[in-house]
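Residue-level structural notes
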Amino acid sequence: MNNWRFWLYLELGLLVGFLLYPLVGVDGVVLQWTGRPLGSDLTILFVFAVLALGLNVVLGYTGLLHLGIAAFFGIGAYITAILLVRDYPFQVGFVAALAAAVVGAALAGLLVGAPTLRLRGDYLALVTLGFGEVVRVTLRNFENLTGGMSPLTNVPQPFQQANPAVAWIPMYYIALVALLLSYLLLRRLELSRVGRAWNAIREDELAAACMGLRAARIKLSAFALGAGLAGLAGCLYAVSIRTTSDPEAYGFNRSVLVLCCVILGGLGSLRGAILGVFLLIGFDNILTPMLDSAIQRSGFVESVQASMTDPEARELARRLLTFTNWKLAIFGIVLVLMMRFRPEGLLPSARVQLELHSEEETKAQDHPSRIIRPADLRERR
Amino acid sequence: MMIASLFATVALPSAWDTLAQHCITGLTNGTLIALIALGYTMVYGIIELVNFAHGDLVMLGACLALTLLALVGIGDNASLEAAFLGIAVILLVVPVFTAGLNYGVDRLVYKPLRKAPRLAPLVSAIGVSYIFQNIGLLWIGPADRSFPSLIPETNLLGNDALVRVTWKDLMVVAITVPLMIALTVFVKYTKLGTAMRATAQDPLAAQLMGIPSDRVIGATFLIGGALAGFSGVIYALYINVIGYQIGFQYGLYAFTAAVLGGIGKIPGAVLGGLIIGMVRSLGSGYVGERWTAALIFGILIVILIFRPSGLLGERRREKV
């Protein structure tokens with residue numbers, strides 16, 4: 001698995017596959033078979049992958065437990081919508097809105113990060129959580145600016161297509177390219193000076209500070225970059241689905257969902273974060289509704305209900321036989337089992353894995369696992 | 001001018017009444033939040049785990065209370081004796097159930113992770129929270145359910161008094177405050193309580209002194225679970241509406257309260273709970289209901305900036 005050539009071919013293959021997908025015209029076929037517009041579903045997955053990469057910078061590289069990433073996602077989405085929608089006097093165009101969303105979210109990240117980053121562990125987690133809730137409530141209540149509970153709709157898309165069958169294609173490519181660029185950016189940053197500084201902070205903040213790293217600044221840079229990527233994802237999200245959806249979409253639940261994706265995939269691992277998004281959000285957004293519509297079409301619920309007379313029992317049967325109603329439990333069980341049996345995630349980063357299993361490893365190697373040169377890491381992949 | 005002064009003379013006394021009313025609501029709400037916060041703080045104090053599932057355990061307790069009342073057939077218009085009986089039954093059964101559940105989860109989920117990095121049990125707790133929510137969803141359905149109002153809402157100060165203090169307010173305080181006192185006495189003066197404090201300070205050292213750390217942690221989860229059960233019953237009796245997501249909302253407030261007071265500290269949780277209760281009720285009275293969440297977390301952020309370990313938490317020196 002650590003063979004770099006295998007990964008290179010796999011990644012290139014996936015990339016080519018995703019690039020070709022809209023061109024070969026299978027989307028219509030998939031739609032007919034499964035009732036899901038897979039193309040636009042994939043766009044959303046790309047967007048969430050960008051968001052997860054953003055969280056990965058803060059949580060995976062720097063080790064700060066961040067429970068409010070969705071707030072920056074929401075800030076990006078709302079900045080974009082306000083700058084693009086007809087109801088406001090701006091309409092600056094997609095590229096400018098995208099830049100504004102990224103910069104705005106990153107600035108918000110700096111704003112929260114600057115006073116609070118000296119907090120440790122759980123206290124920092126609570127502040128990020130609290131900030132997330134403040135943002136959600138503010139989005140909901142500032143009706144003059146954000147429209148309150150009713151989402152901003154009709155966000156214009158770049159290269160808008162008249163034909164509804166191909167309308168999703170431009171955003172699909174934009175999101176894919178954004179994901180690719182973010183991935184490459186982080187890939188490079190990971191081994192750069194600042195990337196190694198993030199890692200040093202995660203492994204031991206005090207020791208890193210003793211070595212002359214300016215912990216506050218480094219943490220702040222991770223926080224701002226994470227927020228910026230979340231803002232980018234928010235912008236793409238609002239444009240892809242053409243609405244901001246309502247402010248509740250940017251609350252704690254979504255932050256935790258993205259957190260779960262990053263952890264499931266493997267902390268500090270870029271591939272892992274993306275895989276986590278495809279598994280968890282794919283399951284949530286694509287597989288669950290598919291299964292439910294399949295159950296509905298099969299008429300199984302009705303046949304079970306027919307044998308019952310008590311209306312309460314019938315209602316209970318319907319509840320138990322709806323797949324969506326089991327979703328949370330499946331999520332929970334997956335998380336618990338993961339933490340028990342594979343806490344480093346599905347595609348762990350070599351470094352984090354060493355940290356988690358440092359006891360066995362150090363015995364064998366007789367020197368601390370932390371002394372790994374970036375070159376060694378490159379070999380491992 | 002004249003209108004303004006007229007308004008002032010009329011509004012002033014009633015403004016004081018409103019303030020007093022908000023304070024009463026706030027204190028009642030605050031004791032409930034404090035009780036839930038105690039559950040967070042007990043578990044955190046001993047194994048440094050933010051038990052995200054605690055709020056959902058409260059919710060499951062409320063669900064069980066609802067089912068139990070339906071089973072014994074006590075509804076809205078129950079007689080006084082029946083209502084009393086019903087409350088006694090749920091106050092006895094629900095805490096046992098939630099305590100057992102919490103203990104089971106600890107043995108099954110958290111215990112194997114004692115030596116794992118901090119994030120592992122935390123994520124597991126999020127997972128357990130999802131599982132509990134799902135159980136609640138399948139149990140009582142996605143819609144909010146009304147809980148029989150067993151406690152009359154007559155004003156104890158007489159019908160024409162300006163401030164309302166109801167039996168309900170009294171009930172919350174009458175159950176919660178003795179529980180808190182009992183807990184404090186327990187942790188301070190009993191053998192198990194001392195063992196708990198020792199384990200919290202240093203599990204390894206405690207073990208070397210002959211304290212069975214593992215059993216002590218189990219006992220903490222039992223007590224935390226029982227507290228969740230009591231909170232669930234009180235919540236249901238006081239608010240009278242339950243839904244599968246109440247655990248999330250109240251859990252968030254309670255967790256905030258615990259951190260605000262200094263997580264791991266029992267008086268801190270009580271203080272934090274009271275503050276959050278007051279902020280909620282004064283906030284919804286004077287700023288607007290819909291801003292209360294932002295207000296609470298705003299205050300929390302400001303307090304943590306100036307006191308990074310919470311109000312009553314002590315600063316720890318860092319060691320390499």
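Criteria and cut-off values
Residues numbered from 1 in each chain as written. Chains lettered and ligands numbered in written order. Predicted model: local features only at pLDDT ≥ 70, side-chain atom pairs only at ≥ 80, totals over all residues. Heavy atoms only, no water. Helix = DSSP H or I, 4+ residues; strand = E, 2+ residues; numbered from the N terminus. Rg over C-alpha atoms; globule rule 2.2 N^0.38 Å. Buried < 20%, exposed > 50% of the residue type's maximum accessible area, 1.4 Å probe, protein only. Contact = heavy atoms within 4.5 Å. Areas by Shrake-Rupley, 256 points an atom, 1.4 Å probe, with all protein chains shown as cover. Lys, Arg positive; Asp, Glu negative; His and termini not counted. Charge placed at Lys NZ, Arg CZ, Asp CG, Glu CD. Buried area = accessible area lost by both parts, 1.4 Å probe. Salt bridge = Lys/Arg side-chain N within 4 Å of Asp/Glu carboxyl O. Patch = residues over 30% accessible without salt bridge, like charges linked within 9 Å, V, L, I, M, F, W, Y side chains within 5 Å. Expected span 1.5 Å × (residues − 1). Phe/Tyr/Trp six-rings, centres within 6.5 Å; stacked < 30°, edge-to-face > 60°. Axes fitted to C-alpha atoms, helices over the stretch in contact; angles between N-to-C directions. Parallel < 35°, antiparallel > 145°, perpendicular 65-115°, else oblique. Left-handed = near helix turned anticlockwise from the far one by under 90°. Nonpolar A, V, L, I, M, F, W, Y, C, P; charged D, E, K, R; others polar. pLDDT = per-residue confidence, 0-100. Polar contact = N/O pair within 3.5 Å; in protein donor to acceptor, adjacent residues only side chain to side chain. Core = buried A, V, L, I, M, F, W, Y, C linked by side-chain atoms within 4.5 Å.

Before going further, it helps to examine the overall build of chain A. The helix and strand inventory of chain A stands at 19 helices and 0 strands. At 22 Å, chain A has a C-alpha radius of gyration in line with the 21 Å of a compact globule built from 381 residues. Based on the C-alpha atoms only, the size of chain A along its principal axes is roughly 70 × 55 × 45 Å. Here chain A holds 381 residues, and 51% of them are scored as buried.

In terms of regular secondary structure, chain B is built from 11 helices and 2 strands. Radius of gyration (C-alpha) of chain B: 21 Å, near the 20 Å computed for a compact globule of 320 residues. Among the 320 residues that make up chain B, the fraction classed as buried is 52%. Here the analysis covers contacts within chain B between residues at least 6 apart in sequence; of these, 75% occur between residues at least 24 apart. With the model as given, the accessible surface of chain B reaches about 14600 Å², and the carbon-plus-sulfur share is 69%. One finds the centroid of the 20 positive side-chain charges in chain B at a distance of 13 Å from the centroid of its 15 negative side-chain charges.

With that settled, consider the interface of chain B and chain A. Between chain B and chain A, the residue contacts involve 50 residues of the former and 48 residues of the latter. Summing the contributions of chain B and of chain A, the shared interface buries around 4200 Å²; its carbon and sulfur component is 74%. The interface formed by chain B and chain A contains 1 salt bridge. Notably, a salt bridge pairs Arg290 of chain B with Glu143 of chain A, separated by 3.2 Å at the nearest N-O pair.

What follows deals with the environment of Leu91 of chain B. All names here are of chain B. Relative to the assigned elements, Leu91 resides in helix α3 (residues 80-110). Separated by 143 residues in sequence, Leu91 and Ile234 have C-alpha atoms that sit 8.8 Å apart. Among residues more than four places away in sequence, those in contact with Leu91 are Ile175, Phe230 and Val233.

All right, on to a nonpolar patch on the surface then. All names here are of chain A. Taken together, Val16, Leu20, Leu23, Val24, Val26, Val29 and Trp33 make up a surface patch of nonpolar side chains, about 700 Å² in accessible area. Sorting the residues of the nonpolar patch by element identifies α1 (4-20) and α2 (27-34) as the ones contributing at least two each. Turning to its location among the elements, Val16 is positioned in helix α1. Judged by its relative accessible area of 43%, Val16 falls in the partly exposed class.

On to the pattern of salt bridges. Between side chains of opposite charge, a pair can form as their charged atoms come close. Evaluated as defined, the whole model comprises 17 salt bridges over all chains. In this structure, Arg271 of chain A and Glu11 of chain A form a salt bridge, with 2.4 Å as the shortest nitrogen-oxygen distance. In this pair, Arg271 of chain A sits in helix α13 (residues 270-298) while Glu11 of chain A sits in helix α1, placing the two residues 260 residues apart along the sequence. Taking the relative accessible area as the measure of exposure, Glu11 of chain A reaches 23% and is therefore partly exposed. A salt bridge links Asp214 of chain B to Lys111 of chain B, with the nearest nitrogen and oxygen atoms 3.4 Å apart.

What follows is about helix α6 (residues 121-141) of chain A. Here α6 of chain A is 21 residues long and its end C-alpha atoms lie 30 Å apart, about the 30 Å a rise of 1.5 Å per residue gives. With 19 of 21 residues buried, α6 of chain A is to be regarded as a mostly interior element.

This part takes up the packing of aromatic side chains. To describe a pair of aromatic rings, you give the distance between the ring centres and the angle between the ring planes. All names here are of chain A. On inspection of all chains with the given rule, the structure shows 29 aromatic pairs over all chains. With centroids separated by 6.0 Å and ring planes inclined at 35 degrees, the aromatic side chains of Phe283 and Phe331 adopt a geometry described as tilted. Within this pair, whereas Phe283 is found in helix α13, its partner Phe331 is found in helix α16 (residues 327-341), the two being separated by 48 residues in sequence. Assessed through its relative accessible area of 14%, Phe283 is described here as buried.

A few words now on helix α4 (residues 119-140) of chain B. Its 22 residues place the ends of α4 of chain B 32 Å apart at the C-alpha level, agreeing with the 32 Å of an ideal helix rising 1.5 Å per residue. Burial analysis of α4 of chain B places 18 of its 22 residues in the buried class, the great majority of the element.

Take the packing of helix α2 (residues 54-72) of chain B against helix α9 (residues 246-261) of chain B next. Residues and elements named next belong to chain B. At a closest axis distance of 7 Å, the pairing of α2 and α9 adopts a crossing angle of 135 degrees. As judged from the angle between their axes, α2 and α9 are oblique. The element α2 and its partner α9 pack so that their crossing is right-handed. Residue-level contacts link Gly55, Asp56, Met59 and Ala62 of α2 to Ile246, Gly247, Phe248 and Gly251 of α9. For the contact of α2 with α9, the class distribution of residues is 4 nonpolar, 3 polar and 1 charged.

Turning to the confidence of the model for chain A, a few remarks are in order. Caution is warranted with low-pLDDT regions, since their predicted coordinates should not be read in detail. Chain-level statistics for chain A give a pLDDT mean of 86 and a share of 93% at 70 or above. Between residues 361-381 of chain A, whose pLDDT stays under 50, and residues either more than four places distant or in other chains, the model counts 24 contacts.

Let us look at the packing of helix α12 (residues 252-265) of chain A against α13 of chain A. All names here are of chain A. Contact geometry for α12 and α13: axes closest at 7 Å, N-to-C directions at 130 degrees. Looking at the two axes, α12 sits oblique to α13. In this structure, α12 meets α13 at a crossing whose hand is right-handed. Contacts between α12 and α13 involve Leu257, Cys260, Cys261, Leu264 and Gly265 from the first element and Gly272, Ala273, Gly276, Val277, Leu279, Leu280, Ile281 and Asp284 from the second. Of the residues that constitute the contact of α12 with α13, the class distribution is 9 nonpolar, 3 polar and 1 charged.

This part covers the side chain of Arg140 of chain A. Structurally, the position occupied by Arg140 of chain A is in helix α6. At 3.4 Å, the side chain of Arg140 of chain A forms a polar contact with the backbone oxygen of Arg290 of chain B. With near-sequence residues (within four places) excluded, Arg140 of chain A lies in contact with Gly148, Met149, Pro247 and Glu248 of chain A together with Arg290 of chain B.

This next bit is on the environment of Gly264 of chain B. All names here are of chain B. Position of Gly264 among the secondary structure elements: in the loop between α9 and α10 (266-288). When the C-alpha positions of Gly264 and Ala78 are compared, they lie 41 Å apart, and in sequence the two are 186 residues distant. Beyond its immediate stretch of four places on either side in the chain, Gly264 contacts Thr41, Tyr44 and Gly45.

Ranked by size, the top nonpolar core spans 214 residues in total, and within it Phe72 of chain A together with Leu38 and Tyr110 of chain B carry the most contacts. The greatest single-element share of this core, amounting to 16 residues, is contributed by helix α3 (residues 38-61) of chain A.

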